[in-house]
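Architecture and fold: a report
Each chain is listed here by its residues.
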Amino acid sequence: MSHPTRRRRPVALFLLASASFAATSITLSLLLSLETSLLSKSPFVMQLDDVNGHDMTIAALNDESSFRTTQMMEHQLNQQEDGIATAQYEYYDHQHHNRRLQLSMTEEKVTTTSNTNNNENNNNAIIGQSTNNQGVIVNMLRRARDKVDEKDVPFLLQVPYTNSDVIYNIMTECYGLVGREYWDVKDLQRDEKENVVDSFYVSSHDRPKEMFHNFGKRFHFLSTPHYQEGTSLLTLKHKGRIILMLRHPAYIAERMYLSRPNTQKGDLKGLLQYVNGTDYYDNWMTRMLANVPKEEKVTEEHFKYARMILENKFIIGMTSDMAETVKKRINLHFGWKELPSKQGCELEYIKKGTMELPTSTLEEGGREWRFIAKKNLFDSKLMARGMAVFGMQKMRIPVHPYTVRDDRKAVSEAFGHLRNVQDEIDSSDIPFFWHIPKASGTTVKEVMSKCYNLIRTEMVDPPSSLDLFPEKKVLNVDLTTPEAIVVARGYNVADSKLADVFISQLAVEGSTVFTTYHMGRAFTIMRHPVILAASLFYYRRIATWEPTYRPDFNDLTLQEYVEMPGYYDNWMVRMLTNAKLGGLNEGHLEIAKAVIKEKFIIGISDHMDETFRQLESYFGWKEQEAGCVKSFLGASFNKNKYELPERGGPVWNSIAEKNKFDMQLYYFALELFGEQGKKLRRTQVG
């Protein structure tokens, strides 16, 4: 039965497998994050860097540590043999909700057989009605990489024990969306005939500011555990965008076992007997996606087809990382936001869902784990591939136009706090150094303090405050995270006149500390993106004193690093356009070019002598002691010996291609550097 206006999430039920696979018609991407304590450390889980602090601003957010695990996992699983099992219906009974769909296998067989006959007679159906039409069902789904269209229907595919119900609750309770839920195949087949999608679907952005109270039959998204039949509702006018939550099949098998009568947590012997029994349904995800009937053994060809669907059609989420899923996939892609009256709602549901998810008694990599993984060989391989896709979508998923609009508005408002480069110098203006990691930033800070006698912002003694450290020429203000910058604004730090130079890696957020009484004047030092990427990679290998220290990088090559799912590309363009996640395009590059041309004095790390001459000329800085700047340019700060990739070689070209927008911005900056130098020299002569 469908519930178009239901607010409270009913029991999350999943019918794992169904005879309908054989009998019915087939009708086949700064930010909030949860504390790292909520993130699983399983090697089967994407290890995502914390986005609250330095990792976000030092081009982290790379799903690096799981990269080799994923490759190894796929390789090992390919060496195993698959077991044979018989299909059975399983029911997902979430212990924190109060509804269960009760269907017997006999009832479902009758239903699916009857409905199959009806469907075969429905010649007007848009979707193909036989297992030979898999291409038709695929064409009813948008690719995850396709540009977002408001005509597309969000489709939440319910999966057992993956917190799919948490996603549903967030969509309905936090965003105020109305979902149309289907638990019975008969309801899906009925509504397919009635063409409910074309008749009643409305854009998820077509809603009042508060919750609906009288929405009739209209709905914003579909939700069902039945993939094949659910997709049959979609049409050429309204194609689907599927959200899929993933969890390792061993965990799911354990929860399925415990949902049965007279079972006990920790009874691994009983669990293995269940998985090895004739009533256990193996490789259910592969079967669902490839439409493999219960009587057939899943083959490598089925897996390849299922993998193709997974890689191309689904917005992937991870049960182990709900915050990442919600804030950096679903929100970005669909442009959804919490209702004004529901601020904090997402985090509340994420925390609750994470804490209430029962812990597993399986030892990862142990005998029982391996046994279940072997029984679900193809689903385990799908999980491994899904982890990689989850990482890649972070940087590639198309961003909703509303999100892009909000980003551009934030950029315009933030940089409105900065003077234009050509504006006449005002004594109330404050220099703002946008610090690009591994681009001579330490040198610049030392020179400003020790050669020009300038007080800079930097938190050296947590927490952030307005305390001054005269011996270090430092005002103890933290500008490293969006949250810290909000606190700094609350101090009215720009108007306090306590610092001579403000420093932040966050170009957009950092600009907002300035006021109409004390505007900012921005400058930055740029470095070749390929050399920048290499420097950062090797630095994080050895920088034990940094919060971004990654000893596991010693097991990776530079090539492997940049090819990782979720590698944080085009850092400069992303920071200048506020597009910190998701796909980029030429529009982002043009905005970044316009920003640095209008707002920034450019320095180049390979030409630091000339850079400081231009900064002195522009800001009127003077050395306190002759030769001071030169002495620091010859000093060693955070230098790490490493071998750069061959210029023009495969590794060099791979990094350049990954950072193609930053490459273009860098060459544009080189031209600006030359032009600004000429203007400053003419000004001095004049």
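**Section: the overall build of the chain**
Per the secondary structure count, the chain includes 29 helices and twelve strands. A burial count over the chain gives 61% of its 686 residues as buried. Total accessible area computed for the chain in this model is approximately 27900 Å², and 49% of it derives from carbon and sulfur atoms.

**Overview of the pairing of strand 11 (residues 520–526)**
Within strand 11, seven of the seven residues are buried, leaving the element largely enclosed by the surrounding structure. Burial along strand 11 is two-sided: Gly520, Ala522, Thr524 and Met526 and Arg521, Phe523 and Ile525, pointing in opposite directions, are all buried. With five bridges joining them, strand 6 (residues 430–434) and strand 11 adopt parallel strand pairing. Considered in strand 11, the bridge of Ile430 is made with Gly520. Bridge count between strand 11 and strand 12 (residues 600–604): five bridges; the pairing is parallel.

**As for helix 17 (residues 377–396)**
Under the 1.5 Å per step criterion, the end-to-end length of helix 17 is 28 Å for 20 residues, consistent within 8% with the ideal 28 Å. Counting buried residues along helix 17, 17 of its 20 residues qualify, which places the element largely inside the surrounding structure.

**Notes on a nonpolar patch on the surface**
Taken together, the side chains of Leu466, Val487, Tyr491 and Leu498 make up a nonpolar region of the molecular surface, amounting to roughly 280 Å² of accessible area. Along the chain, the position of Tyr491 falls in the loop between helix 20 (482–490) and strand 10 (502–504). Residue classification places Tyr491 among the partly exposed positions, given a relative accessible area of 31%.

**A short note on the state of the cysteines**
Under the defined criterion, the tally for this structure stands at two disulfides. Disulfide partner of Cys174: Cys345, at an S-S distance of 2.0 Å. Taking the sign of the S-S torsion, -75 degrees for the link of Cys174 and Cys345, the bridge is left-handed. One end of the pair, Cys174, is in helix 6 (residues 164–174); the other, Cys345, is in helix 15 (residues 345–356), and 171 residues separate them in sequence. In this structure, Cys174 and Cys345 share a single accessibility class: buried. Here Cys451 connects covalently by a disulfide to Cys628, the sulfurs 2.0 Å from one another.

**Some words on the sheet that holds strand 12**
Across the sheet, four strands lie side by side as 10-6-11-12; this open sheet has parallel pairing. Looking at which strands have only one partner, the edges of the open sheet turn out to be strand 10 and strand 12. For this sheet, the mean inter-axis angle between neighbouring strands, taken without regard to orientation, is 25 degrees.

**Concerning helix 13 (residues 300–313)**
Between its first and last C-alpha atoms helix 13 spans 20 Å; for 14 residues at 1.5 Å apiece the expected length is 20 Å, and the two agree. What helix 13 keeps buried is the set His302, Phe303, Tyr305, Ala306, Ile309, Leu310 and Lys313. The arc that holds the buried residues of helix 13, viewed along the axis, is 165 degrees, so those residues lie on one side.

**Observations concerning the nonpolar core**
Among the nonpolar cores identified, the biggest contains 60 residues, and Leu222, Tyr227, Leu244, Leu289, Phe314 and Ile316 are the most heavily contacted of them. Per-element accounting of this core gives the leading share, seven residues, to helix 17. One finds Ile430, Leu479, Leu589 and Phe661 within the second-largest nonpolar core, a separate group that totals 54 residues.

**Topic: the pairing of strand 1 (residues 153–157)**
Counting buried residues along strand 1, five of its five residues qualify, which places the element largely inside the surrounding structure. Both faces of strand 1 are covered, namely the face carrying Val153, Phe155 and Leu157 and the face carrying Pro154 and Leu156. In this sheet, strand 4 (residues 240–246) lies alongside strand 1 in parallel orientation, the contact comprising five bridges. Looking across to strand 4, one finds that Pro154 is bridged to Arg241. Pairing of strand 1 with strand 3 (residues 221–224) involves three bridges; the strand directions are parallel. Residue pairing for strand 3: Leu157 is matched across the bridge by Thr224.

**Considerations on the packing of aromatic side chains**
One pass over the full model with this rule turns up 29 aromatic pairs. Pairing Tyr274 with Tyr280 gives two aromatic rings, centres 5.3 Å apart and planes at 70 degrees, and the pair type is edge-to-face. The exposure classification of Tyr274 matches that of Tyr280, with both residues buried. On the basis of an interplanar angle of 65 degrees and a centroid distance of 4.9 Å, the ring pair of Phe537 and Tyr538 is categorised as edge-to-face. Residue Tyr538 is classed as buried on the basis of its relative accessible area of 15%. Members of the aromatic cluster, joined through ring pairs, are Phe433, Tyr452, Phe523, Phe612, Tyr618, Phe619 and Trp621. When the ring centre of Phe390 is taken as reference, the NZ or CZ atom of Arg329 above it lies at 4.0 Å. The cationic tip of Lys381 hangs over the ring face of Phe303; the distance from NZ or CZ to the ring centre is 4.3 Å.

Thresholds applied
- Per chain, residues are indexed from 1 in the order of the written sequence.
- Where local features are concerned, this predicted model is filtered to residues with pLDDT of at least 70; where side-chain atom pairs are given and counted, the filter is 80 or more; whole-chain, interface and lining totals use all residues.
- Based on all heavy atoms of the structure, the side-chain values leave hydrogens and waters out of the count.
- The helix and strand labels rest on DSSP assignments: H or I over at least four residues marks a helix, E over at least two residues marks a strand, and numbering proceeds from the N terminus.
- The buried label applies to any residue whose accessible area, calculated with a 1.4 Å probe on protein chains only, is under 20% of its type's maximum; exposed applies above 50%, and partly exposed to all values in between.
- Only the protein chains shown count as covering a residue, and every accessible area follows the Shrake-Rupley method with a 1.4 Å probe.
- Two strands are counted as paired when DSSP detects at least two bridges linking them.
- Take the residue count of a helix, subtract one, and multiply by 1.5 Å to get its expected span.
- Like charges are joined within 9 Å and nonpolar side chains (Val, Leu, Ile, Met, Phe, Trp, Tyr) within 5 Å, but only among residues with over 30% relative accessible area and no salt bridge; these make up the patches.
- One side-chain nitrogen of Lys or Arg within 4 Å of one carboxyl oxygen of Asp or Glu is enough to make a salt bridge.
- The disulfide criterion is simple: two cysteine sulfur atoms within 2.5 Å.
- Simply put, an axis is a line fit to the C-alpha atoms, just over the touching stretch for a helix, and the angle between two N-to-C directions goes from 0 to 180 degrees.
- The arc in question is formed by the directions pointing from the helix axis toward the C-beta atoms.
- Side-chain atoms within 4.5 Å are what join buried Ala, Val, Leu, Ile, Met, Phe, Trp, Tyr and Cys residues into a set we call a nonpolar core.
- Note on ring pairs: Phe, Tyr and Trp rings are taken, using the six-membered ring of Trp, and paired if centres are within 6.5 Å. Classes follow the plane angle, with under 30 degrees stacked, over 60 edge-to-face and the rest tilted.
- Sitting over a ring, as applied to charges here, requires NZ of Lys or CZ of Arg to be within 6 Å of the ring centre and within 35 degrees of the ring normal.

These figures come from the coordinates and say nothing about function on their own.
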